[in-house]
Amino acid sequence: MSKPSIVILGAGYGGIVAALRLSKQLHYNEADITLVNKNDYHYITTELHQPAAGTMHHDQARVGIRELIDEKKINFVKDTVVAIDREQQKVTLQNGELNYDYLVVGLGSEPETFGIEGLRENAFSINSINSVRVIRQHIEYQFAKFATEPERTDYLTIVVGGAGFTGIEFVGELADRVPELCAEYDVDPNLVRIINVEAAPTALPGFDPALVNYAMDVLEKKGVEFKIGTPIKRCTPEGVVIEVDGEEEEIKAATIVWTGGVRGNSILEESGFETMRGRIKVDEYLRAPGHENIFIVGDCALIINEENNRPYPPTAQIAIQHGENVALNLAALIRGGSMTPFKPHIRGTVASLGRDEAIGIVGGRKVYGHAASWLKKLIDMRYLYIIGGLSLVLKKGRF
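Given the structure is predicted, the values throughout are model-derived calculations rather than measurements.

Calculation notes
- Residues numbered from 1 in each chain as written.
- Predicted model: local features only at pLDDT ≥ 70, side-chain atom pairs only at ≥ 80, totals over all residues.
- Heavy atoms only, no water.
- Helix = DSSP H or I, 4+ residues; strand = E, 2+ residues; numbered from the N terminus.
- Rg over C-alpha atoms; globule rule 2.2 N^0.38 Å.
- Buried < 20%, exposed > 50% of the residue type's maximum accessible area, 1.4 Å probe, protein only.
- Contact = heavy atoms within 4.5 Å.
- Areas by Shrake-Rupley, 256 points an atom, 1.4 Å probe, with all protein chains shown as cover.
- Lys, Arg positive; Asp, Glu negative; His and termini not counted.
- Charge placed at Lys NZ, Arg CZ, Asp CG, Glu CD.
- Pairing = 2+ DSSP bridges.
- Axes fitted to C-alpha atoms, helices over the stretch in contact; angles between N-to-C directions.
- Parallel < 35°, antiparallel > 145°, perpendicular 65-115°, else oblique.
- Left-handed = near helix turned anticlockwise from the far one by under 90°.
- Phe/Tyr/Trp six-rings, centres within 6.5 Å; stacked < 30°, edge-to-face > 60°.
- Patch = residues over 30% accessible without salt bridge, like charges linked within 9 Å, V, L, I, M, F, W, Y side chains within 5 Å.
- Salt bridge = Lys/Arg side-chain N within 4 Å of Asp/Glu carboxyl O.
- UniProt positions renumbered as here; feature names shortened; annotations may be inferred.

1. Focus: the overall build of the protein
Looking only at helices and strands, the protein has ten helices and 27 strands in total. Radius of gyration (C-alpha) of the protein: 22 Å, near the 21 Å computed for a compact globule of 399 residues. Taken across its 399 residues, the protein has 53% of its residues classed as buried. When contacts within the protein are restricted to residue pairs at least 6 apart in sequence, long-range pairs at least 24 apart make up 66% of them. Surface accessibility of the protein: about 18,500 Å² in total, with carbon and sulfur atoms responsible for 48%. Of the charged side chains in the protein, 42 are positive and 53 negative; the average position of the first set lies 6 Å away from that of the second.

Below you can see the structure in the form of structure tokens.
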């Protein structure tokens, strides 16, 4: 009898954790495990706002996949997924095909533009190592250009669309980076504008109001301007058009970064899965409806919180738990055991506000300032330990 074939698409949080846990739970002769990823590295999404702003080198936010996996147990394929054929149980890649008995889909997310005109063409997004390198270099280039065109203050204006966690963390890092950029490029700091635009009536929608107020106060003191309850109507090569009290207003800006939402990978919809904003509403075992051998993890999975009838947000901690649960259930299926329903455990949420500042709720308690910043670092280091042990913590951890 041949060994079952397990194919894992994507080496994000859910995919890499599923692969690592499976390789530990299964003996090499129980299944063939193949991990597919378009890059040969895994990147830590929750840290991408730092290299985007230039406060951390992008290499600190990634780790080589072959450093993490046991290649005797996991076959790593560097390639890009093109399509999933559910009937033939086949995955089409740019450079070949893979057949599977069990499939784990963790292909990550894409920016959700909500139909805003020009956003896709004219705004940057924080969604990969390559994207954050471009953002950092673009911002530095605008500061450099200003020296030769001092009338173009729009070169020094940065609009960040969205005041959720990514937007807030990014503007915090940007505010810390601005003094360094001004010193390097001989720019008057008073000419630099960081504008955070949010359509919802509050920053960090759904978060504790006291923590939101604290965060906005810290960031405003660092020079961040907030435009809350202000939708972006259009994005152009010259900047953004926002709506203020029913009237349109233009902000000229050479840099626009969109952090206002994500949707699941478009490959799912293109492959015939039923999706909601690109995400598949999974069953209690994280399986795609009607497909007992296809598991969905990370940003591609839609799970409803029964307490408020709203989807759980696509966070790193939930994606990690997805990977752990899927590995457990695949091992059970292969050995003829019973599967375990997925139940998310929200241990806490911490958002960075830049250097030595953060806010969060951990264990039901509000945390602020320096203490919250250390908790954020501990959370990041805990993840490094999960995927790579103490050696990876010492190599990548920020103490």
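So that's the structure; there's more coming.
2. Topic: the sheet that holds strand 21 (residues 294-296)
Taking strand neighbours across the sheet as the criterion, the five strands line up as 5-2-1-9-21 in an open arrangement whose pairing is parallel. The two strands at the open ends of the sheet, each matched to only one other strand, are strand 5 (74-78) and strand 21. Neighbour-to-neighbour, the strand axes of this sheet turn through a mean angle of 15°, independent of strand direction.

3. What to know about the packing of helix 5 (residues 129-146) against helix 6 (residues 165-185)
Relative to each other, helix 5 and helix 6 sit at 40°, their axes nearing to 11 Å. As judged from the angle between their axes, helix 5 and helix 6 are oblique. By crossing handedness, the relation of helix 5 to helix 6 is classed as right-handed. Residue-level inspection shows I135, R136, I139, E140, F143 and A144 of helix 5 in contact with helix 6, the latter providing F170, L174, R177, L181, C182 and Y185.

4. Comments concerning the pairing of strand 15 (residues 232-236)
Two strands pair when backbone bridges link them, and strand 15 and strand 16 (residues 239-244) are joined in this way by four bridges, in the antiparallel orientation. Bridge pairing in strand 16 links R234 to V241. The turn joining strand 15 and strand 16, which pair antiparallel and follow one another in sequence, is formed by two residues.

5. Focus on the packing of aromatic side chains
Per the counting criterion, the structure on display carries four aromatic pairs. When the ring of F143 is compared with that of Y185, the centres are 6.5 Å apart and the planes differ by 50°; the resulting orientation is tilted. Of this pair, F143 sits in helix 5 while Y185 is found in helix 6, placing the two residues 42 residues apart along the sequence. In this structure F143 comes out as buried when scored by relative accessible area, which is 1%. Ring centres of Y214 and Y368 lie 5.0 Å apart, and the angle between their planes is 70°; this geometry places the pair in the edge-to-face category.

6. Considering unusual backbone geometry
Glycine aside, negative phi is the norm for most residues, and most peptide bonds take the trans geometry. One non-glycine residue with positive phi stands out, namely N309, at about 60°. Counting through the fold element by element, N309 comes out in the loop between strand 23 (304-305) and strand 24 (310-311). Positive phi outside glycine occurs at D356, with the angle close to 60°. Summarising the element assignment, D356 is placed in the loop between strand 25 (348-352) and strand 26 (358-362). By relative accessible area, which is 36% here, D356 ends up partly exposed.

7. Here's the deal with a nonpolar patch on the surface
On the surface, a nonpolar cluster with roughly 360 Å² of combined accessible area is contributed by Y385, L390 and L394. Relative to the assigned elements, L390 resides in helix 10 (residues 369-396). Residue classification places L390 among the exposed residues on the basis of a relative accessible area of 53%.

8. Structural notes on the environment of V134
Turning to its location among the elements, V134 is positioned in helix 5. Residue classification places V134 among the partly exposed positions, given a relative accessible area of 41%. With ten residues separating them in the primary sequence, V134 and F124 have C-alpha atoms 8.4 Å apart.

9. As for the UniProt feature "domain: FAD/NAD(P)-binding" (unreviewed entry) in the protein
Following the UniProt record, the feature "domain: FAD/NAD(P)-binding" (unreviewed entry) maps to residues 5-323 here. Overall, residues 5-323 shows 29% helix and 30% strand. The separation of its end C-alpha atoms is 17 Å.

10. Thoughts on the pattern of salt bridges
If the charged atoms of two oppositely charged side chains come close together, the side chains can form a pair. According to the stated counting rule, one finds 25 salt bridges in the structure shown. A salt bridge links R136 to E140; the nearest nitrogen and oxygen atoms lie 3.4 Å apart. Taken as a pair, R136 and E140 lie in helix 5 at a separation of four residues, close to a single helical turn. Residue classification places E140 among the buried residues on the basis of a relative accessible area of 16%. Connected through shared salt-bridge partners, R136, E140, R177, E180 and R355 make up one network.

11. Here we look at the sheet that holds strand 18 (residues 255-258)
By way of backbone hydrogen bonds, the strands of a sheet pair with one another, either parallel or antiparallel. Judged by pairing direction, the sheet is parallel, and its five strands sit side by side in the order 11-18-12-13-14 without closing on themselves. Strands with a single pairing partner mark the edges of an open sheet, and in this sheet they are strand 11 (124-125) and strand 14 (224-228). In the sheet, strand 13 (residues 193-198) pairs with strand 14 via five bridges, with the strands oriented parallel. Following the sheet pairing, I195 is matched in strand 14 by E225. Along the sheet, helix 6 makes contact with strand 12 (157-161), strand 13, strand 14 and strand 18, crossing strand 13 at roughly 175°.

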